[in-house]
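Summary of structural features
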There are 2 protein chains.
Amino acid sequence: MKQAEIRDSFERFLQKRSLRLTSQRERILDRVFETHEHFSADTLYNWLKQEDGPSVSRATVYRTLGLLVDGGFLESLDTGQGELLYEHVLGHQHHDHLVCVDCGKIEEFFEAKIEQLQEEVCTRKGWSLVSHNLRLFGRCRSCVRKKDGAREAGIES
Amino acid sequence: MKQAEIRDSFERFLQKRSLRLTSQRERILDRVFETHEHFSADTLYNWLKQEDGPSVSRATVYRTLGLLVDGGFLESLDTGQGELLYEHVLGHQHHDHLVCVDCGKIEEFFEAKIEQLQEEVCTRKGWSLVSHNLRLFGRCRSCVRKKDGAREAGIES
DNA sequence: ATATATGCAAACGGTTTGCATTCAA
DNA sequence: TTGAATGCAAACCGTTTGCATATAT
């Protein structure tokens, strides 16, 4: 999905709710869809401060992130390290995350069988599934390598 | 595992680290293994305040909870609602959680096939799995019922 | 014209921490 | 005796909010 379509979709979303397209919202939308990394509210705030364009306050960053999550433009991801991370949704399929406990790296994965088993668990218990959050914590390929290197050198972890 | 064994195990843990068995730690340990509910630091603090025994400050509650998690006596559970919940571990097998988005109820489940698929995902990606966190958010049996009732009565959700 | 957004700074809420005092070993 | 633990209150940190001002429609 390209920038222009996203923009249209955002405008429609705002109209539906009688909200206004401000230069701040415009700027945040653009910036957020420009990156494919996971980012925090603070990171986004700093990007906007450094790069040029209409100034955006911290409060507006938070308010707009909330709006974008509501509208299904962004998803938030709780890595359990205090701050929420965000990633854009449009053009991305659902996935879960691997988080490296050594370097913080995040990778995405999708495993249909896990998704299906989650539904089965819910059904079995009489619940109705709304969403889920699966995080695998481990060591990424390069941190595993580093650790093995250290072990060979006789350094205890 | 009965209270006395847990107590011994805790004393050994403290000795190993040259930490001391204080009346506060004793009281927290007992209280925590007395309940089978999930509880927050604040809930625990209030239990200790209402029931009688040696007084325990909020700071000590937090410090001791940390200690018990380190020692593998408790596990913490991030429901994503701001505060951490705790549950005791000894005598409990690993499980994941269902969280009701309407009433906050928590149920536990264990699904071996999901556990195994997580390992497979990691292996496939070259990661080494350390732990995981799976939360299913949905509506519990009784909230589903309530919601259906409302729908029949023509009340929109 | 007017309802909505913004920026600022203060508030929030769970948790952590510095420090003087108390206590287990 | 002395290193560790406690209680208190202040600090922390990401996030939210009240309010006066600015702005999109």
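Overview of the protein's contact with DNA strand D
A:Tyr62, B:Arg20, B:Arg25, B:Ser57 and B:Thr60 are the nearest of the 20 residues found near DNA strand D. When atoms of DNA strand D within 4 Å of the protein are split into backbone and base, the sugar-phosphate part holds 68%. A distance of 2.8 Å separates a phosphate oxygen of DNA strand D from a polar side-chain atom of A:Tyr62. Between DNA strand D and B:Thr22, the relevant distance is 2.8 Å, taken from a phosphate oxygen to a side-chain nitrogen or oxygen of the residue. Those elements that place two or more of their residues in the surface near DNA strand D are α4 (58–70) of chain A together with α2 (23–34) and α4 (58–70) of chain B. Tallied by class, residues from the surface near DNA strand D come to eight nonpolar, six polar and six charged.

Considerations on the domain arrangement of chain A
Often, the extent of an interface is quoted as the loss of accessible area on bringing the components together. Residues and elements named next belong to chain A. Per the domain assignment, the segments of chain A are domain 1 (1–92) and domain 2 (93–157). Relative placement of domain 1 and domain 2: their C-alpha centres are 26 Å apart. Across the contact, 10 residues belong to domain 1 and eight residues belong to domain 2. Together, the buried faces of domain 1 and domain 2 total about 730 Å²; carbon and sulfur atoms form 54% of this surface. Across the contact surface, domain 1 and domain 2 share zero salt bridges.

What about the interface of chain B and chain A?
Taken together, the contact between chain B and chain A spans 37 residues of the former and 37 residues of the latter. Summing both sides of the interface, chain B and chain A together bury roughly 3300 Å²; the carbon and sulfur share of this comes to 60%. Contact with chain A buries area across many residues of chain B, yet B:Leu117, B:Lys125 and B:Trp127 alone supply 21% of it, more than any other trio. With a shortest N-O distance of 3.1 Å, B:Arg124 and A:Glu111 are connected by a salt bridge. For the side of chain B that touches chain A, the secondary structure elements donating two or more residues are β4 (96–100), β5 (106–109), α5 (112–125), β6 (128–139) and α6 (141–152) of chain B. Counting residues per element, the side of chain B that touches chain A draws most heavily on β6(B), at 12 residues. Relative to β6(B), strand β6 (residues 128–139) of chain A runs antiparallel, the two being bridged by 11 bridges. Of the residues in β6(B), the one forming a bridge with A:Leu129 is B:Gly138.

Describing the pairing of strand β5 (residues 106–109) of chain A
All names here are of chain A. Taken together, the four bridges between strand β4 (residues 96–100) and β5 define a ladder with antiparallel strand orientation. Counted as the bridge partner of Asp96 is Phe109 from β5. The loop that links β4 with its antiparallel partner β5 comprises five residues; one of these, Gly104, has a positive phi angle of about 85 degrees.

Quick notes on the packing of α2(B) against α4(B)
All names here are of chain B. Relative to each other, α2 and α4 sit at 65 degrees, their axes nearing to 10 Å. Accordingly, the angle class assigned to the pair α2 and α4 is roughly perpendicular. In this structure, α2 meets α4 at a crossing whose hand is right-handed. Seen from α2, the contacting residues are Gln24, Arg25, Ile28 and Leu29; seen from α4, they are Thr60, Val61, Thr64, Leu67 and Leu68. Taken together, the residues of the contact of α2 with α4 break down into five nonpolar, three polar and one charged.

Looking at the state of the cysteines
Per the stated rule, a full pass over the model turns up zero disulfides over all chains. Here A:Cys100 stays unpaired: no disulfide links it, and the sulfur of A:Cys103, its closest cysteine neighbor, is 3.7 Å away. Not part of a disulfide, B:Cys140 finds its nearest cysteine sulfur in B:Cys143, a span of 3.8 Å. Residue classification places B:Cys140 among the buried residues on the basis of a relative accessible area of 1%.

Some points on α5(B)
With 14 residues, α5(B) extends 20 Å between its outermost C-alpha atoms, agreeing within 8% with the 20 Å of an ideal straight helix rising 1.5 Å per residue. Within α5(B), burial applies to B:Ile114, B:Glu115, B:Leu117, B:Gln118, B:Val121 and B:Cys122. For α5(B), the angular spread of the buried residues around the axis is 165 degrees, confining them to a single face. In this structure, the buried side of α5(B) is in contact with β4, β5, α5 (112–125) and β6 of chain A together with β4 and β6 of chain B. Two residues or fewer past α5(B), B:Gly126 is found with a positive phi of approximately 80 degrees.

A word on the sheet that holds strand β2 (residues 74–78) of chain B
All names here are of chain B. Ordered by their spatial adjacency, three strands build an open sheet running β1-β3-β2, and the pairing between neighbours is antiparallel. Two strands in the sheet have a free side with no partner beyond their single neighbour: β1 (39–40) and β2. Bridge count for β2 against strand β3 (residues 84–88) is five bridges, and the pairing is antiparallel. Note on β3: the bridge partner recorded for Ser76 is Tyr86.

Some points on the nonpolar core
Considering soluble globular proteins, one finds that nonpolar side chains tend to be buried as a cluster. Membership of the largest hydrophobic core comes to 24 residues, with the highest contact counts inside it found for A:Leu136 and B:Leu136. Listed by contribution, the elements that provide at least two residues to this core are β4, α5 and β6 of chain A together with β4, α5 and β6 of chain B. B:Leu136 has contacts with A:Gln118, A:Val121, A:Cys122, A:Leu129, A:Ser131, A:His132, B:His97, B:Leu98, B:Val99 and B:Phe109, leaving out every residue within four places of it along the chain.

Calculation rules
Residues numbered from 1 in each chain as written. Chains lettered and ligands numbered in written order. Predicted model: local features only at pLDDT ≥ 70, side-chain atom pairs only at ≥ 80, totals over all residues. Heavy atoms only, no water. Near = heavy atom within 4 Å. Polar contact = N/O pair within 3.5 Å; in protein donor to acceptor, adjacent residues only side chain to side chain. Helix = DSSP H or I, 4+ residues; strand = E, 2+ residues; numbered from the N terminus. Nonpolar A, V, L, I, M, F, W, Y, C, P; charged D, E, K, R; others polar. Domains from an automatic or database assignment. Contact = heavy atoms within 4.5 Å. Buried area = accessible area lost by both parts, 1.4 Å probe. Salt bridge = Lys/Arg side-chain N within 4 Å of Asp/Glu carboxyl O. Pairing = 2+ DSSP bridges. Axes fitted to C-alpha atoms, helices over the stretch in contact; angles between N-to-C directions. Parallel < 35°, antiparallel > 145°, perpendicular 65-115°, else oblique. Left-handed = near helix turned anticlockwise from the far one by under 90°. Disulfide = S-S within 2.5 Å. Buried < 20%, exposed > 50% of the residue type's maximum accessible area, 1.4 Å probe, protein only. Expected span 1.5 Å × (residues − 1). Arc of directions from axis to C-beta. Core = buried A, V, L, I, M, F, W, Y, C linked by side-chain atoms within 4.5 Å.

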